[in-house]
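Descriptive structure summary
Take a look at the letters that make up each chain.
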Number of protein chains: 2
Amino acid sequence: MLKEERQQLILDKIGADKKVTLVALSKELDVSYDSIRRDIIELEERGLLRKVHGGAITNSYLPMKVRQRMGIPNPEIVRIARKTLRLIQPGQTILMDGGTTPLYIVEQFPKEMELTVVTNNLPLAVVLADHPHIEVMVLGGSFYKRYQITMGQTVMDQLAHLRVDWYLMGVVGSHPDEGFSLRNHEETLLKRRMMQTARQVAVCLTTEKLHTPAAHRICGLEDVSLLITSLNPSDAQLAEYQEKGLEIW
Amino acid sequence: MLKEERQQLILDKIGADKKVTLVALSKELDVSYDSIRRDIIELEERGLLRKVHGGAITNSYLPMKVRQRMGIPNPEIVRIARKTLRLIQPGQTILMDGGTTPLYIVEQFPKEMELTVVTNNLPLAVVLADHPHIEVMVLGGSFYKRYQITMGQTVMDQLAHLRVDWYLMGVVGSHPDEGFSLRNHEETLLKRRMMQTARQVAVCLTTEKLHTPAAHRICGLEDVSLLITSLNPSDAQLAEYQEKGLEIW
DNA sequence: ATGTTTTTTGCATTTATTTGCAGACCTAAT
DNA sequence: ATTAGGTCTGCAAATAAATGCAAAAAACAT
């Protein structure tokens, strides 16, 4: 078994269970405790997980490429995708941006669904090539390879002429008081612009982001219409959001 | 067994299993460990896989998906791609459009190449995500799923502000008297526009297209600077093109 | 076709990485 | 203080990678 393969399995397991223990892993993958330990150290150095005594836990943020290689979407994202589907009415126009969540959501779209999707996320457009009744509009601009999206002034200009029903916004960080945030400043500008072109905005969030704000603020809770998570809307972790009057699914 | 053929098998295997080990491959394909190792190095330089200790793993699953749709690169296209590479100088800006030939050409790009690529071909942009020194500009517009390219007025508008060194044009049909042609009318409009934004235009052609015009004419021979085929420039099949004064590689 | 040039291949040698293990070490709970 | 669980360090064996070279095979031009 290749070292990288093993490390990928560790990441998969962490993605599914949120935590792993070294002893369990070394038994399961049938390699020495030390090898696993060294793997975990390497992965931590690359920022892909957090090492704790006797094991490791998820790190809230994983770059897209790593997730993509994982192949199987984690169950949390599948739940979010299913809820999001209920939101969309046939014939509508929706705007989707970067990240893996939108990618999994469109993968869940039924093949016969009739829809127009506007996106700056190239993999997303390519995935939708298999859906004959979905019209796709690609926003052109400089290609930001890390997230496989386009950005820049050209994208902004194209948005000026658009009016969509929903904007499904992906975010990196979120906090009940501080609102939604990202790692990258330029992308916040883009997202703010996207919000303006949409009649309604929905944010899709994985649980670990709920109380971890990122560096650059996009907007406050009051600016979005709907929050979609994998949790039950009445879950305690969502209470603070609930109180601020945000609709939650 | 040809090198190209072997490399294709390696890519196929990686596409299926997400990983390969060098020892297994050298046994399976019955060539020395070193040859396989050198193949892997080459493929990595083109960004088609990631080399790891003892083997190789997939780089990103999307280009693989696209690749499967593309099928095996026939040796003719590989020859064309190699010739085209000689044309491009570091630091230039080139415009590439739809089709599989451009995709094979960019696959041949060494990873260190410095270049700006403008394209309406989404898989092409995604493939180039692994080339850190290549800047990619995506032309946005309606997505034509069949060819995985964008088209329409939006694309045209973006071209208005552009000026590139080379336009590598793909065509469906060609004839020494009638010039170059396509099956789709709207695409001819786009290609004509693309020609205007480029200082020089090169056409890449496979042999079977040399005397088979398609329905919609793009332009005459006099409008392109260079013709690239898999044949020797002095080949009899190219004589008529030669006579009309078209430069041939 | 035929000889020339270029590319590819396999091998031997050297160098580097990975792995498991043993023992020292740390820390917290008895 | 002792002990149990986990971590860290150094080491040696096994495995893999890089390098240089000569033979073989393709590709090329004449």
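About the cut-offs
Residues numbered from 1 in each chain as written. Chains lettered and ligands numbered in written order. Predicted model: local features only at pLDDT ≥ 70, side-chain atom pairs only at ≥ 80, totals over all residues. Heavy atoms only, no water. Helix = DSSP H or I, 4+ residues; strand = E, 2+ residues; numbered from the N terminus. Buried < 20%, exposed > 50% of the residue type's maximum accessible area, 1.4 Å probe, protein only. Lys, Arg positive; Asp, Glu negative; His and termini not counted. Charge placed at Lys NZ, Arg CZ, Asp CG, Glu CD. Contact = heavy atoms within 4.5 Å. Buried area = accessible area lost by both parts, 1.4 Å probe. Salt bridge = Lys/Arg side-chain N within 4 Å of Asp/Glu carboxyl O. Polar contact = N/O pair within 3.5 Å; in protein donor to acceptor, adjacent residues only side chain to side chain. Nonpolar A, V, L, I, M, F, W, Y, C, P; charged D, E, K, R; others polar. Pairing = 2+ DSSP bridges. Arc of directions from axis to C-beta. Near = heavy atom within 4 Å. Axes fitted to C-alpha atoms, helices over the stretch in contact; angles between N-to-C directions.

Within chain A, the secondary structure is distributed over 10 helices and 14 strands. Projecting the C-alpha coordinates of chain A onto the three principal axes gives extents of approximately 60 × 40 × 35 Å. Across the 249 residues that make up chain A, the buried fraction comes to 57%. Looking at chain A, you have 30 positive and 31 negative side-chain charges, and the mean spots of the two groups are 3 Å apart.

What follows concerns the interface of chain B and chain A. Much of the literature gives interface size as the accessible area that the parts lose upon coming together. If you look at the interface, chain B gives 42 residues, while chain A gives 33 residues. Of the roughly 2700 Å² buried between chain B and chain A, counting both surfaces, carbon and sulfur atoms make up 61%. Taken together, the connections running from chain B to chain A amount to 1 salt bridge. The shortest N-O distance in the salt bridge between Lys19 of chain B and Glu5 of chain A comes to 3.1 Å. Counting the contacts that link chain B with chain A gives 9 residue pairs in polar contact (both at pLDDT 80 or more). Of all elements in the fold, only strand E1 (19-21), strand E2 (50-52), strand E3 (55-57), helix H4 (61-70), helix H7 (122-128), strand E6 (134-138), strand E7 (141-144) and helix H8 (153-160) of chain B reach the threshold of two or more residues within the side of chain B that touches chain A. A breakdown of the residues in the side of chain B that touches chain A according to their chemical character gives 19 nonpolar, 16 polar and 7 charged. Two elements, strand E6 (residues 134-138) of chain A and E7 of chain B, share 2 bridges in a ladder whose sense is antiparallel.

Right, let's talk about H8 of chain B for a bit. Among all positions of H8 of chain B, only Val155, Met156, Gln158 and Leu159 of chain B are buried. The buried residues of H8 of chain B all sit within an arc of 165 degrees when viewed along its axis, so they share a single face.

Among the structural elements, Lys145 of chain B can be located in the loop between E7 and strand E8 (149-151). Lacking a salt bridge, the buried Lys145 of chain B has Glu135 of chain A as its closest oppositely charged neighbour, with an N-O distance of 7.4 Å. Side-chain polar atoms of Lys145 of chain B contact the backbone oxygen of His131 of chain A, separated by 2.6 Å. Looking at Lys145 of chain B, its side chain comes within polar contact range of the main-chain oxygen of Ile134 of chain A, at 2.2 Å. Dropping the residues within four chain positions of it, Lys145 of chain B is found in contact with Leu128, Ala129, His131, Pro132, His133, Ile134, Glu135 and Val136 of chain A.

Within the structure, DNA strand D sits among 20 residues, and Tyr33 and Gly54 of chain A together with Tyr33, Gly54 and Arg79 of chain B are positioned closest to it. Within the contact set of DNA strand D, a sugar or linking oxygen lies 3.2 Å away from a side-chain nitrogen or oxygen of His53 of chain B. Gly54 of chain B is positioned with one of its backbone polar atoms (N or O) 3.0 Å from a phosphate oxygen of DNA strand D. The set of elements that each furnish at least two residues to the surface near DNA strand D consists of helix H3 (33-45) and strand E2 (49-52) of chain A together with helix H2 (22-29), helix H3 (33-45) and E2 of chain B. With 4 residues, the single largest contributor to the surface near DNA strand D is H3 of chain B.

Now for the sheet that holds E7 of chain B. Judged by pairing direction, the sheet is mixed, and its 8 strands sit side by side in the order E14(A)-E12(A)-E9(A)-E4(A)-E5(A)-E6(A)-E7(B)-E8(B) without closing on themselves. Either end of the sheet is taken by a strand with one partner, and the two such strands are strand E14 (226-228) of chain A together with E8 of chain B. Shown here is a sheet whose adjacent strand axes are inclined to one another by a mean of 30 degrees, direction ignored. Alignment of strand E9 (residues 164-170) of chain A against strand E12 (residues 198-204) of chain A, held across 6 bridges, turns out to be parallel. Residue Trp166 of chain A lies in a different strand from E12 of chain A, and its bridge partner there is Gln200 of chain A.

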